[in-house]
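The lines below spell out each chain.
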Amino acid sequence: MSISVLPHRDELHVGTGRLYIDGQWCESADGATWTHVHPATNEEVTSFAVADATDVDRAVQAARRAFDDGPWPRMAARDRKMLLRRYIEALTDNADEINRLQSLDNGLPINFSSMYQVSASFAADIFDYHTGWIDKLVGDTIPHFTGAEYFSYTLREPVGVVAAIIPWNAPVFLFAQKAAPALATGCTVVMKPSEYASLAVIRMTELLAEVGFPPGVFNLVLGEGHATGEALITHPLVDKVTFTGSRAVGQRILAASADGIKRVSLELGGKSANLIFDDVDVDMAAMSAMGMVTWGMSGQGCVCQTRALVNRTIYDDFVDKAGTITQMITYGDPFSEATTSGPIINQRQLGRVMGYIEKGQEEGARLVFGGDRPGGELASGNWVNPTLFADVDNKMTIAQEEIFGPVLSAIPVADEDEAIRIANDTTYGLGAGIQTSDVKRAHRVAKRLRAGTIGVNGFMVMPNTPFGGYKTSGLGREGGLESIEAFTETKTVDVALTDSPI
Ligand code: NAD
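Conventions used here
Residues numbered from 1 in each chain as written. Predicted model: local features only at pLDDT ≥ 70, side-chain atom pairs only at ≥ 80, totals over all residues. Heavy atoms only, no water. Buried < 20%, exposed > 50% of the residue type's maximum accessible area, 1.4 Å probe, protein only. Helix = DSSP H or I, 4+ residues; strand = E, 2+ residues; numbered from the N terminus. Pairing = 2+ DSSP bridges. Phe/Tyr/Trp six-rings, centres within 6.5 Å; stacked < 30°, edge-to-face > 60°. Lys NZ or Arg CZ within 6 Å of the ring centre and 35° of its normal. Near = heavy atom within 4 Å. Polar contact = N/O pair within 3.5 Å; in protein donor to acceptor, adjacent residues only side chain to side chain. Areas by Shrake-Rupley, 256 points an atom, 1.4 Å probe, with all protein chains shown as cover. Nonpolar A, V, L, I, M, F, W, Y, C, P; charged D, E, K, R; others polar.

Visitor: Account for the pairing of strand β16 (residues 407-413), naming residues and giving values.
Guide: Across the seven residues that make up β16, a large majority, seven, are buried. Of the two faces of β16, the one carrying Val407, Ser409, Ile411 and Val413 and the one carrying Leu408, Ala410 and Pro412 are both buried. When strand β13 (residues 305-311) meets β16, the two strands line up parallel, connected through five bridges. By the bridge assignment, Arg307 is partnered in β16 with Ser409.

And the structure:
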């Protein structure tokens, strides 16, 4: 017997996967479709329209018209706020369905999909936070540098047409992380979700349409990266690309932006370190370090701390105890409350994860547990058992490359300096964790780590905190005031106050 997600498809409103362009739902120009296969079972769930370059062009033209000639960027703050408030209400009212669609998209267990950080409630809070900025998009008045009779001030204006491209691992959160600041600042949007996770995003777009956003303000195109995504990022009428996804695609976007000097925000991958000092409760530290790469997304999160840098005095104990958590991991039907963790998103990625596990062994890391795949009722899905490698050298491939699977690499370290040196010895710089009960050490180490988000004994991404990466983990920040800056341009206006200005 194997598990099946198909009964849940029938119980949910899955939409028809059409494109949303200029206020209308429509089919793709050439009738092409993409079949959505569920990662837990590899069953075919539904199919979507796939936008080609003609559809993308129509969507961008619609967003351009809505920005240049439509009411949206010029709308009174009070009216724009009212519309966004209606949308927040719609998200809240339909939260349960959106969370379930996310599980039907990417196999996140329903308990995790409904958990605050990746859920529709979090998306509603992100919209709420940014809605609060709408009547606060103010500039400065600036005294003239030379004292001449001038009145100088700045205006904060929307950046224009935004192409937003998001991955499959947290589509609900990332839809909001892009759309909320873009819409709040008066931009217009063409969104492309991942071909592996479109269902929740289609529903979130339906709700935008239902609450009455003007045509062209928000457009949805579905399809694969190399065709639909590429047509979007290279379109000359796009002013800004905001992208969350892999480093390789981020590099391609940066290169493609050179032509029009497009504004670019990139939220990319990571190889985050978890620095575990000898003043912690080892049971808890081992549980949380292993839990970080196995609960929920099964290690398919950009900020998962996949390298545990453990002080030598507690290292053996840590490795012994890390296995405890695996007894609490339950794989299975994503819609069961008992399931704790999800499958690998697709078979290509499953092959990559298994390839890294093989590489780790070839390069001399010690496989403590895992490294294989469950059989029985899970055999048809993309499941990988929780895996721990010990005695990893930071130069090994498994310590340098993003695996995106339930794999933790434990590295013994002598002291604080060595932990910091190894933590920073990566081309990535998205996040890092510090486990210690010494408050002075916590701040000292946080200051020396080259990463965008540092969690001391835990962390949470919030709507009002900036999030992004150092080094190749990204460019710019989203969240908090920095989102507002990322989606606006500053204009300086100089007004001569005399008839003979200098
Ligand atoms: P991906 O880069 O393969 O795809 C992301 C999106 O880009 C998808 O919508 C895809 O269709 C599109 N795309 C692919 N090629 C494109 C191209 N040539 N032009 C335009 N668009 C293209 O990433 P993924 O596998 O969906 O997601 C996993 C990656 O995302 C990991 O590296 C992970 O670390 C990263 N991620 C980062 C964050 C963050 O906030 N930093 C959050 C979540 C995921």
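From this point, things continue past the structure.
Visitor: So what's going on with the packing of aromatic side chains? Residues and values would help.
Guide: Within the structure shown, the criterion is met by 11 aromatic pairs. Here Trp34 and Tyr196 contribute two aromatic rings whose centre-to-centre distance is 5.5 Å and whose plane-to-plane angle is 85°, an arrangement assigned as edge-to-face. One end of the pair, Trp34, is in strand β3 (residues 33-37); the other, Tyr196, is in the loop between β8 (188-192) and α8 (199-211), and 162 residues separate them in sequence. On the basis of an interplanar angle of 50° and a centroid distance of 5.4 Å, the ring pair of Phe175 and Phe218 is categorised as tilted. One end of the pair, Phe175, is in helix α7 (residues 171-184); the other, Phe218, is in strand β9 (residues 218-220), with 43 residues separating them in the sequence. The exposure class assigned to Phe218 is buried, which follows from its relative accessible area of 2%. Connected via pairs of aromatic rings, a cluster forms that spans Trp72, Tyr87, Phe127 and Phe213. Above the plane of the ring of Tyr428 lies Arg247, whose end atom (NZ or CZ) is 4.1 Å from the centre.

Visitor: Give a detailed account of the site of the ligand, specifying residues and quantitative values.
Guide: In the neighbourhood of the ligand, 26 residues make up the surrounding shell, with Lys192, Glu195, Ser246, Leu268 and Glu402 lying closest. Between the ligand and Lys192 there is a distance of 2.8 Å, counted from an oxygen atom to a side-chain nitrogen or oxygen. Relative to its unbound accessible surface of 850 Å², the ligand loses 88% to contact with the protein. Taken together, the elements giving at least two residues each to the shell around the ligand come down to α9 (225-233) and β10 (240-244). Among the elements that line the shell around the ligand, the one with the most residues is α9, at four residues. Split by residue class, the shell around the ligand holds 13 nonpolar, eight polar and five charged.

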